[in-house]
Structure formats: C-alpha cells, structure tokens
Amino acid sequence: MAVLEAMPRLNELSIFAPGPHSVQEFSVETSSSSKPPKPLFIVTPTEPGKYPILQFYHGTVLINTYYRQVLQLIASHGYIVVAPQLYQPWDVVVLMCACLEVQDAGKVINWLPKPSPEGLQSVLPENVTCDTTQIGLAGHSRGGKTAFAVALGDADTNLKFQALIGIDPVAGSSKSICCRTCPHILTYKPQSFDLSIPVTVIGTGLGGESVSECMIPMPACAPEGVNHTEFYRECKAPCGRYVATDYGHMDMLDDDLGLYGNVCECMCKKGKAQRDPMRRFVGGIVVASLKAGFNGDFVDLKTIAEDPQVAPVKLQDSQYTE
C-alpha cells in the first residue's frame, strides 16, 4: 500500500513528508512457517536494497495497525518497520505485568536475525534485505516504556541497538504494589539512564490533562511524573525532546479505528486540530532519530530544536543536547 500523500508547508523539513521509497505492508501470524513469537505488522520499502530495522511497540490495549500511517511514512524513508502485537487487549496477565511484555519484545528481536525458513528475511519481498546489525527501538505510551526497558537491558537479548525513540512514553508509579508497572525504569535522578545511543523523546501538550468529555471522567493518559518530561530528564546526551503543544496522547493514530479504537481514544484528551500534521510530525521525528542513530546525522534533530517552525505542528520546550 502506498503512503498517504502529505501536504507539508514550504518551510517544513523533507522528513515530515513521504520519502522516496514505495512501501508494502503485511501481517505475519505466529502460525506461519517463519514462526515469529508474536503476531507482526510489517511495513517495508519495496525497492531492492538493504535496509535498517525499526521495532515499534504499541501503546496500552492498542492494536499495532492503528499506527499504519505513521509507520508508512517511516518506511518510505528507507526503513523496515516491525510492529509486534505484544499482547491482546483482553490479555489481563500481561496488562497487569509489563515485565512479560518486555520479555516478549526481546523474543521478537531475537527472531529477527534467524536464518531461513525463520526470521525477518524470510518474510520480506524479493530483493529486499534487512540489516540486522542496525536496529532501532520506538514505542508509544506504555510501548515507549517498553522500548526504554529493552534498550536498558531488561529483555533477554544480546543484539545491539543504535537509536531509541519514546513517543509520549508513560511509566507506572514505582510506588505501586502491583507488578503491572515493572520493570521500574524511572529513577527520578537526572541523566540516570545508562544509554550511549541517541535518544529522542516526543511529548504531547495535552497528554497530562484529564478527560471530562466521556461518560465517565478519565484521568490523564500521560500524567506528570511518569511522562515524557521525566523520561527526558533521565536521558544522557545525545538526546532531544520535542513536544507537540496542541495534541493529545492518541493523536498520532489513524483516523478510522473502528468501534474498539474509538473507545480507546475516548479515554485520552484530544486536540482539536486535524491529525495529519501530528502523524507527519511523529513519523518525521522518528526518521530524524534513525538518521542520527544509524548514520550519525544529527542535522534534522538540531534544526528542529533551533527552529521549531520547520515542523508541521506547534512545538513547545524543544531541545537537543549533544
């Protein structure tokens, strides 16, 4: 499926528009001959070539295909995106114990380089080759915490990662007696994350607000103390943070998510603007982060921090630290 056309402003960076590659998307089930440990949604360039990999983790009780348009944009810039469905929304055990989610994320990573008939290469289009020496991690909401946990070594994998992106990441309270919040990666100490790779944190201006529009008032989906602000505070350079002022925690998802998806969205504060700019913003920041991690190219990340008007959305507190 081709990437949906974007309508960037004249001063926007090219990373916020579809890239030069046509893309293909498909699902791989655990019952297939390639035997992935979790169901996968994959978006890949179709032109012959060797491409780095981004493993992307969905948010709490969400479906991996809800991020289709963002993942299409990322893949069009020359990356193979692998989005596992780490658990089903009704899987109460995993919902209550995020440690299981992190371990499953590690199992998918370990599957990537397996030789045929297993592994990522066995399911890709002809003449498209995955580079399993270049792997980035990204995730939204609780999936953002999962990405950080994997990068910090909480998953059983020996593969190396070159980039880490948290999209409005959320961690549970370390004071909770319930194991749903494990592993407790937040230390509440500045620059405490033991990471040497480029890290990018994307935030939302409305994620910390509660919701009163639903039938039942809902607490903030990305509350203060466990959201993007604290994640970024604990990062070491090189790292950056970019906060979309007028958008909410779910505003990077696709528009038509069906009844279940609409119910999920109702739980979080929404922005009033159209979502396409937010999707392009998130996809573009991820692309800029992968360029930094894989190629040592930090130009776009620095440019956005110095001149936020080159982004398709209004930004606040944009900063980049070398």
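Residues numbered from 1 in each chain as written. Predicted model: local features only at pLDDT ≥ 70, side-chain atom pairs only at ≥ 80, totals over all residues. Heavy atoms only, no water.

- Per an unreviewed UniProt entry, the chain carries the name Chlorophyllase-1 and comes from Tripterygium wilfordii.

**Some points on the packing of helix H1 (residues 68-76) against helix H7 (residues 276-295)**
Inference 1: For the pair H1 and H7, interaxial distance at closest approach is 9 Å and the crossing angle is 35 degrees. Crossing geometry of H1 relative to H7 is assigned as right-handed. Of H7, the residues touching H1 (which contributes Gln-69, Val-70, Leu-73 and Ile-74) are Arg-279, Arg-280, Val-282, Gly-283, Gly-284, Val-286, Val-287 and Leu-290.
Inference 2: Split into classes, the residues belonging to the contact of H1 with H7 amount to seven nonpolar, three polar and two charged. (Axes fitted to C-alpha atoms, helices over the stretch in contact; angles between N-to-C directions. Helix = DSSP H or I, 4+ residues; strand = E, 2+ residues; numbered from the N terminus. Left-handed = near helix turned anticlockwise from the far one by under 90°. Contact = heavy atoms within 4.5 Å. Nonpolar A, V, L, I, M, F, W, Y, C, P; charged D, E, K, R; others polar.)

**Some details on the packing of aromatic side chains**
Inference 1: The tally for this structure, following the rule as stated, stands at seven aromatic pairs.
Inference 2: Pairing Tyr-79 with Phe-294 gives two aromatic rings, centres 6.0 Å apart and planes at 35 degrees, and the pair type is tilted. One end of the pair, Tyr-79, is in the loop between H1 and strand E4 (80-84); the other, Phe-294, is in helix H7, with 215 residues separating them in the sequence.
Inference 3: A relative accessible area of 10% means that Phe-294 is categorised as buried. (Phe/Tyr/Trp six-rings, centres within 6.5 Å; stacked < 30°, edge-to-face > 60°. Buried < 20%, exposed > 50% of the residue type's maximum accessible area, 1.4 Å probe, protein only.)

**Structural notes on the layout of surface pockets**
Empty space left among the atoms is revealed by rolling a probe the size of a water molecule over them.
Inference 1: In this structure, the second largest pocket encloses a volume near 240 Å³.
Inference 2: The wall of the second largest pocket is formed by 13 residues, among which Ala-151, Leu-159, Lys-160, Phe-161 and Leu-195 lie closest to the centre.
Inference 3: Tallied by class, the residues present in the lining of the second largest pocket amount to eight nonpolar, three polar and two charged. (1 Å grid on protein atoms, 1.4 Å probe; cavity = no way out; pocket = protein on both sides within 12 Å on 5 of 7 lines; lining within 4 Å. Points joined across faces, edges and corners; volume = space filled by probe spheres on them.)

**As for the state of the cysteines**
Inference 1: Tallied over the full model, the rule gives one disulfide.
Inference 2: The residue that forms a disulfide with Cys-221 is Cys-268, at a sulfur-sulfur distance of 2.0 Å. Its torsion about the S-S bond being -90 degrees, the disulfide of Cys-221 and Cys-268 is classed as left-handed. In this pair, Cys-221 is assigned in the loop between strand E7 (199-204) and helix H5 (228-233) and Cys-268 in the loop between helix H6 (258-266) and H7, connecting sequence segments 47 residues apart.
Inference 3: For Cys-235, which is in no disulfide, the shortest distance to another cysteine sulfur is to Cys-239 and amounts to 5.3 Å.
Inference 4: Overall, Cys-235 belongs to the buried group, its relative accessible area being 4%. (Disulfide = S-S within 2.5 Å.)

**Overview of H7**
Inference 1: Here H7 contains 20 residues, and its C-alpha end-to-end distance of 28 Å stays within 8% of the 28 Å for a straight helix at 1.5 Å per residue.
Inference 2: Here H7 lies mainly inside the structure; 17 of its 20 residues are buried.
Inference 3: Gly-296 lies just past H7 and shows a positive phi near 70 degrees. (Expected span 1.5 Å × (residues − 1).)

**Considerations on the nonpolar core**
Inference 1: In terms of nonpolar packing, the biggest core is built from 53 residues, with Leu-71, Ile-74, Phe-281, Leu-290 and Ile-304 touching the most fellow members.
Inference 2: When residues no more than four places from it in sequence are discounted, the contact partners of Leu-290 are Leu-54, Ile-74, Tyr-79, Gly-136, Ala-163, Ile-165 and Asn-295. (Core = buried A, V, L, I, M, F, W, Y, C linked by side-chain atoms within 4.5 Å.)

**Regarding the pairing of E4**
Inference 1: In terms of burial, E4 is a largely internal element, five of the five residues being buried.
Inference 2: Of the two faces of E4, both are covered, the one formed by Ile-80, Val-82 and Pro-84 as well as the one formed by Val-81 and Ala-83.
Inference 3: Pairing of strand E2 (residues 40-45) with E4, which is carried by four bridges, proceeds in the antiparallel orientation. Each bridged residue has a counterpart across the sheet, and for Leu-40 the counterpart in E4 is Pro-84.
Inference 4: Where strand E3 (residues 49-57) meets E4, three bridges bridge the pair, whose relative direction is parallel. Considered in E4, the bridge of Leu-54 is made with Val-81.
Inference 5: Assessed by its sense of winding, the connection that carries the chain from E3 through H1 to E4 is right-handed. (Pairing = 2+ DSSP bridges. Right-handed = clockwise from strand over helix to strand, strands pointing away.)

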